[in-house]
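Okay, here's what each chain looks like letter by letter:
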Amino acid sequence: MTPKKYPIEQTDPPRSPRETLPTMYDLPSENPESPGLPDEFHDLQPELLRLTFQPPNYPPGEIFVGTDMNLYYDVRHSNWYKRPDWFAVVGVPRLYDGTDLRLSYVIWQEGISPLVVVELISPGTENEDLGQTTRQPNRRQNGKFTNEF
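In short, a report on the structure. Here the structure is a predicted model, which means the values were calculated and not measured. (Residues numbered from 1 in each chain as written. Predicted model: local features only at pLDDT ≥ 70, side-chain atom pairs only at ≥ 80, totals over all residues. Heavy atoms only, no water.)

### Here we look at the overall build of the chain
Phase 1 of the analysis: Counting its regular elements, the chain contains four helices and eight strands.
Phase 2 of the analysis: When the helices and strands of the chain are listed from N to C terminus, the series reads α-α-β-β-β-β-β-α-β-α-β-β.
Phase 3 of the analysis: The 149 residues of the chain split such that 23% are buried.
Phase 4 of the analysis: Total accessible area on the chain is roughly 11,200 Å²; 52% of this is exposed by carbon and sulfur atoms. (Helix = DSSP H or I, 4+ residues; strand = E, 2+ residues; numbered from the N terminus. Buried < 20%, exposed > 50% of the residue type's maximum accessible area, 1.4 Å probe, protein only. Areas by Shrake-Rupley, 256 points an atom, 1.4 Å probe, with all protein chains shown as cover.)

Put into structure tokens, the structure is as follows:
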């Protein structure tokens, strides 16, 4: 995807706004390391997945769906995690300990891995979304954990 140069000159008859106005992928972020903010579809797609994921052999209370939530997967490396855009686990209660919302999902505590994991591809993070770059484990630095990419 080649970024467009803005402003784009108008023609007669005028070009459509689709051709002349920038998208979030064309504009810089206030964080120079960030490729941009998620678009509205990034919020709608996980909601659509949640509403349509209805395995017939499980009651709704035994289906957990996570969106942009840390998924801890290796008991030997407790600081390693993935943060998929959406995932679903069947056979575990929707609520943690029957009362609380989950802040993360720890596979070795729950004993059940996700049945489905979805990563929505974004132009600015495509290599990472496709697993072509690796994230180093969190490192403790000045008493705080940091992620290294």
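Right, picking up where we left off after that structure.
### A word on the sheet that holds strand S1 (residues 63–67)
Hydrogen bonds between backbone atoms are what pair the strands of a sheet, whose relative direction is either parallel or antiparallel.
Phase 1 of the analysis: Spatial ordering of the open sheet is given by S1-S4-S6, a layout of three strands whose pairing is antiparallel. Both edges of this open sheet fall to S1 and strand S6 (116–118), since each of them pairs with a single strand only. The mean inter-strand angle of the sheet, taken between neighbouring strand axes irrespective of direction, is 10°.
Phase 2 of the analysis: Bridge count between S1 and strand S4 (residues 86–90): five bridges; the pairing is antiparallel. Bridging from a neighbouring strand, Thr-67 pairs with Trp-86 of S4. (Pairing = 2+ DSSP bridges. Axes fitted to C-alpha atoms, helices over the stretch in contact; angles between N-to-C directions.)

### Overview of the sheet that holds strand S2 (residues 71–72)
Phase 1 of the analysis: Strand order in the open sheet formed by three strands is S3-S2-S5, and the pairing between neighbours is mixed. Taken across any chain shown, the strands that pair with only one partner, and hence form the sheet edges, are strand S3 (81–82) and strand S5 (105–106).

### Things to note about unusual backbone geometry
Phase 1 of the analysis: Within the chain, Asp-68 stands out as a residue other than glycine whose phi angle is a positive 50°.
Phase 2 of the analysis: Here Asp-68 shows up in the loop between S1 and S2.

### Examining the pairing of S4
Phase 1 of the analysis: Taking burial as the measure, the five residues of S4 include five buried ones, the bulk of the element.
Phase 2 of the analysis: The alternating pattern of S4 places Trp-86, Ala-88 and Val-90 and Phe-87 and Val-89 on opposite faces, both of which are buried.
Phase 3 of the analysis: Sheet topology note: the S4/S6 ladder contains three bridges and is antiparallel. Of the residues in S6, the one forming a bridge with Phe-87 is Val-117.

### Describing the pattern of salt bridges
Phase 1 of the analysis: Evaluated as defined, the whole model comprises three salt bridges.
Phase 2 of the analysis: For Arg-50, the salt bridge goes to Glu-47, with nearest N and O atoms at 2.6 Å. Highlighted residues: Arg-50 and Glu-47, both in helix H2 (residues 40–52), separated by three residues, approximately one helical turn.
Phase 3 of the analysis: Taking the relative accessible area as the measure of exposure, Arg-50 reaches 41% and is therefore partly exposed. (Salt bridge = Lys/Arg side-chain N within 4 Å of Asp/Glu carboxyl O.)

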